[in-house]
Structures are given as C-alpha cells and as structure tokens.
Amino acid sequence: MSGDTPTELPTEDELGKMSRDELVKLGLKMDGVELVHYEDKWPVKGTRAEKRAERLVALWFLIAALGGVAFLAAFLFWPWRYEAPSSDKHVLYSLYNPVIGITLGIAILGLGVGALLYTKKFIPDELAVQQRHDGPSPQVDQATVLAELADAGERSTLGRRSLIKKTAGLGAGIFGLGVLAVPLGGLIKNPWQDSDSSKSLWHTAWKPVNGEKVYLRRHTGKFHEVELVRPEDLEAGGFETVFPFRESERDNEEALVHAIKSSDGPVMLIRLRPGQPVVKRAGQEDFNYGDFYAYSKICTHLGCPTSLYEQQTGLLLCPCHQSQFDVFHYAKPRFGPATRALPQLPITVDEDGYLIARGDFIEAVGPAFWERKS
Ligand code: FES
C-alpha cells in the first residue's frame, strides 16, 4: 500500500457506494498510513485454545463484578459507626475501611486485568507507518474515519465474543454503580431516621443530660485519665483544646472514648490577655468567663479543626483552606472561604473552681447543611 495522498478524491456519490473495506483502504491511503505488518491472533476460529483464552478474560471481568457487588454491599450495610474497643462489635467496625478498600480494589483490578488480557490475546498485532501530511477534506475524512473505527472494532473481534461482552458489561456496570454510590450514598441515607438522634445536627456532646454538670476536660492521650481544667491552668494569651466530661461517665470506657472522639465535641478554650477589648455577639454577652472564651474547634467551612491560634492578632487559623476567625470579634471570619463565625460555648466556673459548660451551643457547629437556615 502506498503512503502517497491520492490526487483525485471520490465524489459524494462514489463515497456512498463504497464498501467499508474500500473506505478503510482509502482512509489509510489518504492518511499516508502503510500497514507493514498485520497478524490475526486466531487465524483459525473457534479452537479450544481460543475458547480457553476467552473464558480467562471473562473470569477476570466476573471477578470485577463480584468485587463491585461486595463493595456496594459493604458500603451500604457494613457497621461503620464507632464502637469502643470493649464492645463485641469493635472488630467489625474497625474492618470497615479495609473491607471497602479491598473490595473496590478487587473490582478495579478485575477490570484492569480483564482489559489487559483481552488486548493481549485478541487484538491483532499490527504495525503501521504514517507519513506527515496536511490532511484530506472534512467530508472524505469523516467517511473514512468512521469506516476505520468500525473496522478496528471488527478486528478486535469483540463483536462475536458475547461471553466477554456480557462479563465486561457486568463488571464495568457494577463498578460504575459502586463509584456512584460513594458520592450519592450520603444523600440517600436519612440522617433524621433514628428518633434518638433526630436533632443530632442541632445538638453536640456538650448537651446537658438530666441536669448533670458538663466539665471541660483536657485530653492527656489516655482515655481513662480524666483531667479537668481550672482557670489558673492557662496563662494569659494561652489556649487549649477541651472535651466534655460528665462524672457519671468516669468508669464508662465507651462514653469516655466517645466524648473525646465525637466530631462535634472539640472546643478551643482561649484565655485572652487582661484588658483586651472584645466585641461580643448580640445575645451572647455572658458566654465568656472573664478572659476565658470557648469556641467550637470545628471550622464552619468544611469541618477541619481550627487549631492554630495567634495571640497577638487574636486570629484562629484553619489549616485546610486558610480561613481565619477573629477571637477579638466573636470568632467572626476575617479571611478565607468560611462565612459563619465559630459557635461559642457558654462557660463558667463551678463551686469547686472547675470550668464547666453552662449549656450546649445555641447553634449547630461545623459546616452548613440543608436544614440550616443561616
Ligand atoms: S475547612 Fe476550614 S477553611 Fe476549609
């Protein structure tokens, strides 16, 4: 086959009458492509070896489909809520991430190996050389490119391998469902369905239960070691992350762990320098105790911990997207993508001199959600 571009192009009529094979040859010639080697992997059709190769490819696609089903099932039904180490369900809970990771990995691996084996075993070996050229007219180009694509599809022999087509479709379809399930899963689950937590987004771990005192506790790294916080523990200009503690939970390992790990519990306790002028939020003028101010540590942008405090400027920085909250001005956002102030926890000191919460936050902490109006 010559690599020269033909001088005369076929008319529209002639193009319509040409067979696909003729169009392919014309397209190759016009593109300056010369096939220097072509070898069909299975010149004799229907041999046992060919069937065996087909079953092997189908097997990998089937593995992908099974991996996809297992991933979907684990994603939807595996117990994912935190269980304390003392609970019987802790092992199952701690396997949640490995299980969804492994099953998704199997689905991707199955699809990848299946596609690789198919290419290796069924796509003909072909070596082509193409000359540089300016390209044919768009009309001829369109007709010949379509023919070339159809021809490539036929040479791949996929059309007549229904077992591979079915298993590949199954594997890719279920994998696609799994990929969709991840972003959609959170929207399908109803966060209000459990009556116990019907207001869970409105309340936090600081919510008083049966009038019991909720202390501010520091985390020493050991869940059992309960250290309460007194005002004199913090230097002027200092800060500390604190968590809720109830005396009734002192020997309850699960409750102690939950209080430290609950996502809405961490609070930044900040002691301002004496005499620092502060703008307080309307209706929250008495939420502080002297120079002590307690703000939710959960960023109102996307929920990262706002853990960097600069005492000179009074700015609390969220390291995720650089939002800055002004502690001298009721933790109002000063910079970055956050648009709402950090909720303030009302605090005081009890008769024994320990810092305690006077109640829960009066607004939801963390990022916005649909039912939230502001
Ligand atoms: S999560 Fe804090 S700035 Fe984005």
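1. Quick word on the overall build of the protein chain
Regarding its fold elements, the protein chain presents eight helices and 13 strands. For the protein chain, the C-alpha radius of gyration of 33 Å lies well beyond 21 Å, the compact-globule estimate for 374 residues. If you line up the protein chain on its principal axes, its C-alpha atoms span 100 × 50 × 35 Å. Relative to its full complement of 374 residues, the protein chain shows a buried share of 27%. A sequence separation of at least 24 residues applies to 68% of the contacts in the protein chain between residues at least 6 apart.

2. Topic: the confidence of the model for the protein chain
Looking at the protein chain as a whole, its pLDDT mean stands at 87, while 93% of the residues score no less than 70. Within the model, the stretch residues 1-5 combines pLDDT values under 50 with 11 contacts to residues more than four positions away or in other chains.

3. Details of the domain arrangement of the protein chain
Splitting the protein chain by domain gives domain 1 (12-188) and domain 2 (214-357). Summarising the inter-unit geometry, the C-alpha centres of domain 1 and domain 2 are found 53 Å apart. At the interface, four residues of domain 1 touch five residues of domain 2.

4. Topic: the pairing of strand β3 (residues 214-218)
Burial analysis of β3 places four of its five residues in the buried class, the great majority of the element. Where β3 lies against strand β13 (residues 355-357), two bridges are found, and the strand directions are antiparallel. Bridged to V214 within β13 is A357. Pairing analysis gives four bridges linking β3 to strand β5 (residues 239-245), with the strands arranged antiparallel. From the neighbouring strand, L216 faces β5, where its bridge partner is P244. Pairing between β3 and strand β4 (residues 227-228): two bridges, direction antiparallel. When the sheet's bridge partners are listed, R218 is paired in β4 with E227.

5. Comments concerning the environment of R281
With respect to the element layout, R281 can be found in the loop between β6 (267-271) and β7 (292-296). Given 14 C-beta atoms within 10 Å, R281 falls into the partly exposed group. Those residues in contact with R281 that sit more than four places away from it in its chain are Y330, A341 and Q344.

6. Describing the environment of S162
As for its position among the elements, S162 is in helix α7 (residues 162-188). The exposure class assigned to S162 is exposed, which follows from the 11 C-beta atoms found within 10 Å.

7. A few points about the environment of R271
By the secondary structure assignment, R271 is in strand β6. In sequence terms R271 and E235 are 36 residues apart; their C-alpha atoms lie 7.0 Å from each other. For R271, the contacting residues outside a window of four places in its chain are L234, E235, A236, G237, G238, D291 and F292.

8. Focus on helix α2 (residues 20-30)
For α2, the complete set of buried residues consists of L23, V24, L26, G27 and L28. Taken from the residues just after α2, G32 is the one with a positive phi, measuring 70°.

9. Some points on the nonpolar core
In this structure, L216 and L269 are the most contacted members of the largest nonpolar core, which totals 38 residues. Secondary structure elements with two or more residues in this core: β3, β5, α8 (253-261), β6, β7 and β13. Setting aside residues up to four positions removed in sequence, L216 forms contacts with L228, V229, V242, L269, I347, L355, I356 and A357.

10. Remarks on unusual backbone geometry
Backbone geometry at N210 places phi at a positive 50°, although glycine is not the residue there. Its place among the elements puts N210 in the loop between α7 and β3. One non-glycine residue, A331, adopts positive backbone phi at about 55°. Turning to its location among the elements, A331 is positioned in the loop between β10 (324-326) and β11 (332-335).

11. Structural notes on the sheet that holds β11
Spatially, β8-β9-β10-β11 is the arrangement adopted by the four strands of the open sheet, whose pairing is antiparallel. The sheet is open, and its two borders are formed by β8 (308-310) and β11, each paired with just one other strand. With strand direction ignored, the average angle separating the axes of adjacent strands in the sheet is 30°. Here three bridges tie strand β9 (residues 315-317) to β10, and the two strands are oriented antiparallel to one another. If you follow L315 over to β10, its bridge partner there is D326.

About the criteria used
- Residues numbered from 1 in each chain as written.
- Predicted model: local features only at pLDDT ≥ 70, side-chain atom pairs only at ≥ 80, totals over all residues.
- Helix = DSSP H or I, 4+ residues; strand = E, 2+ residues; numbered from the N terminus.
- Rg over C-alpha atoms; globule rule 2.2 N^0.38 Å.
- Buried ≥ 20, exposed ≤ 12 C-beta atoms within 10 Å, placed from the backbone.
- Contact = placed C-beta atoms within 7 Å.
- pLDDT = per-residue confidence, 0-100.
- Domains from an automatic or database assignment.
- Pairing = 2+ DSSP bridges.
- Core = buried A, V, L, I, M, F, W, Y, C linked by C-beta atoms within 7 Å.
- Axes fitted to C-alpha atoms, helices over the stretch in contact; angles between N-to-C directions.

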